[in-house]
Amino acid sequence: MAIQNRQPPPGTLIHSDHGVQYTSWAFTERAKESGLVASMGSIGDCYDTQSMIMAVGVVPVA
């Protein structure tokens, strides 16, 4: 639904933590099919997501 609503261009980076929904095969395949590039933070490090937000300049929306 978010992909349809926002229509991100191919190569858009999606950054997440290691939550079960983001590490699933279905999520990964859907991202690939949509032309999205998955990025995942390291385990137990809350600072890498903050760095991504600072670099890209957007705050993730749930």
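Residues numbered from 1 in each chain as written. Predicted model: local features only at pLDDT ≥ 70, side-chain atom pairs only at ≥ 80, totals over all residues. Heavy atoms only, no water.

The secondary structure content of the protein amounts to four helices and two strands. Along the protein, helices and strands appear, N-terminal first, in the series α-β-α-α-β-α. Counted over contacts in the protein with a minimum sequence separation of 6, partners at least 24 positions apart contribute 57%. Summed over its atoms, the accessible surface of the protein is roughly 5,000 Å², and 62% of this surface lies on carbon and sulfur atoms. (Helix = DSSP H or I, 4+ residues; strand = E, 2+ residues; numbered from the N terminus. Contact = heavy atoms within 4.5 Å. Areas by Shrake-Rupley, 256 points an atom, 1.4 Å probe, with all protein chains shown as cover.)

Apart from glycine, the bulk of residues carry a negative phi angle, and the bulk of peptide bonds sit in the trans form. Positive phi, normally seen in glycine, also occurs at Q7, with a value near 50°. As for its position among the elements, Q7 is in the loop between α1 (2–6) and β1 (13–16).

For the rest of this paragraph, the subject is the environment of T28. Here T28 is to be found in helix α3 (residues 25–33). The exposure class of T28 is partly exposed, given its relative accessible area of 30%. On a C-alpha basis, the gap between T28 and A38 in space is 7.5 Å, while along the polypeptide they are 10 residues apart. (Buried < 20%, exposed > 50% of the residue type's maximum accessible area, 1.4 Å probe, protein only.)

All right, on to the confidence of the model for the protein then. Scored by pLDDT, the protein has a mean of 74; 66% of the residues are at 70 or more. By mean pLDDT, the top-scoring element of the protein is α3 (86), and the lowest-scoring one is helix α4 (residues 47–56) (63). (pLDDT = per-residue confidence, 0-100.)

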